[in-house]
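Structural overview for review
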Amino acid sequence: MIVVSVLARKGGTGKSSAVRCLAVEALKAGRRVVIIDTDPQPTCYRWGQRRSAAGIPVPLVVVPAPGGLAAQIEGYRAQGVDLVLVDTPPTATPAVNAALDHSTGALVVTRPNPEDLESVQESLRVASAQKRRTGVILWQAPPDKRVKAVALAREALEAMGADVCPTAISASISYPYAYAEALTPQEREPEGRARAELADVWGWLQRSGIMATVPYDIKTAASLGPLTDAPVGTKGKRGRSKASSKAEVTA
Ligand SMILES: Nc1ncnc2c1ncn2[C@@H]1O[C@H](COP(=O)(O)OP(=O)(O)O)[C@@H](O)[C@H]1O
Ligand SMILES: [Mg+2]
């Protein structure tokens, strides 16, 4: 099972949007995916609740269980989950270190602005201190390819030794609109630019090994039950999460 923490020391860079969009890419690729939202401002969790209420039970989105992240992640491993995405707060809280402790890799999301780039170094340092495979995705980039900001940001990140995704995610109003509708841009506009960019990012994550998951075995999948947010062996004892226990994976 792959566990990836998504980090940024700046607020508003697009971390939570990246988590939701990549979870939906994983679903499209037939993976069983869970989001653990460790941010005290749980935007992913709220989005998941609105999706459940609207009858879209995937991905399963939960908050940290009282028994700790390790037990929670092990519970998902036992349920046959392929990928856990951990959304983190923008501050350097113990929650970020705990998330990295239990992750196989990390992703840093940054806008191509000097103010944001300055803080990437710190995220890279924290992730590399824990020897986690780490990638950087440029997010909310100017959509006009003639603008030099993305090339300059890429240069600055590469000078830090970062492994940068070749595709930058453009700024688009589709992201907040999709959040409001409990969707992702690729679900809302299946022919849109965001969809193409996110597919490129997903491809890079597979190639780079940061999110490479084993090929999906449909027979195993059929024998696995619906995902629940109750850690294994504690059926019925729920934490803060009220995520739907009806959750099941549909590609
Ligand atoms: N590519 C994008 N283009 C335009 N707006 C975006 C994009 N990605 C995210 N946003 C918007 O930016 C704001 C912050 O995004 P969010 O994912 O919540 O960031 P973070 O989790 O890093 O605080 C939200 O209003 C979100 O809808
Ligand atoms: Mg967030």
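An account of the accompanying structure is given in this report. (Residues numbered from 1 in each chain as written. Chains lettered and ligands numbered in written order. Predicted model: local features only at pLDDT ≥ 70, side-chain atom pairs only at ≥ 80, totals over all residues.)

1. Focus on the sheet that holds strand 6 (residues 133-141)
For sheets, the rule is that strands pair by backbone hydrogen bonds, running either parallel or antiparallel. If you walk across this open sheet you meet the 7 strands as 3-2-4-1-5-6-7, and the pairing is parallel. Only two strands of the sheet have a single neighbouring strand rather than two, namely strand 3 (60-62) and strand 7 (169-170). Two elements, strand 2 (residues 33-37) and strand 4 (residues 83-87), share 5 bridges in a ladder whose sense is parallel. Bridge pairing in strand 4 links V34 to V84. Along the sheet, helix 5 (residues 114-129) contacts strand 1 (2-7), strand 5 (105-110) and strand 6; its crossing angle with strand 5, the most-contacted strand, is approximately 175 degrees. (Pairing = 2+ DSSP bridges. Helix = DSSP H or I, 4+ residues; strand = E, 2+ residues; numbered from the N terminus. Contact = placed C-beta atoms within 7 Å. Axes fitted to C-alpha atoms, helices over the stretch in contact; angles between N-to-C directions.)

2. Here we look at the site of ligand 1
Of all residues adjacent to ligand 1, which total 17 residues, the nearest are K15, S16, S17, Y175 and P176. Breaking the shell around ligand 1 down by element, the ones donating at least two residues are helix 1 (15-28), strand 6 and helix 7 (174-180). Tallied by class, residues from the shell around ligand 1 come to 7 nonpolar, 9 polar and 1 charged. (Near = placed C-beta within 6 Å. Nonpolar A, V, L, I, M, F, W, Y, C, P; charged D, E, K, R; others polar.)

3. Side note on the packing of helix 1 against helix 9 (residues 193-208)
Interhelical geometry of helix 1 versus helix 9 gives an angle of 75 degrees and a closest axis separation of 10 Å. The angle between helix 1 and helix 9 places the two elements in the roughly perpendicular class. Residues C21, L22 and E25 of helix 1 form the contact with helix 9, whose participating residues are L198, A199 and W202. Looking at the contact of helix 1 with helix 9, its residues break down into 5 nonpolar, no polar and 1 charged. (Parallel < 35°, antiparallel > 145°, perpendicular 65-115°, else oblique.)

4. Description of the environment of W202
The residue W202 is located in helix 9 in this model. Residue W202 is classed as buried on the basis of its C-beta count, with 20 C-beta atoms lying within 10 Å. Spatially, the C-alpha atom of W202 lies 9.4 Å from that of A212, the residues being 10 residues apart in sequence. Those residues within four positions of W202 in sequence are excluded, and the remaining contacts are L22 and E25. (Buried ≥ 20, exposed ≤ 12 C-beta atoms within 10 Å, placed from the backbone.)

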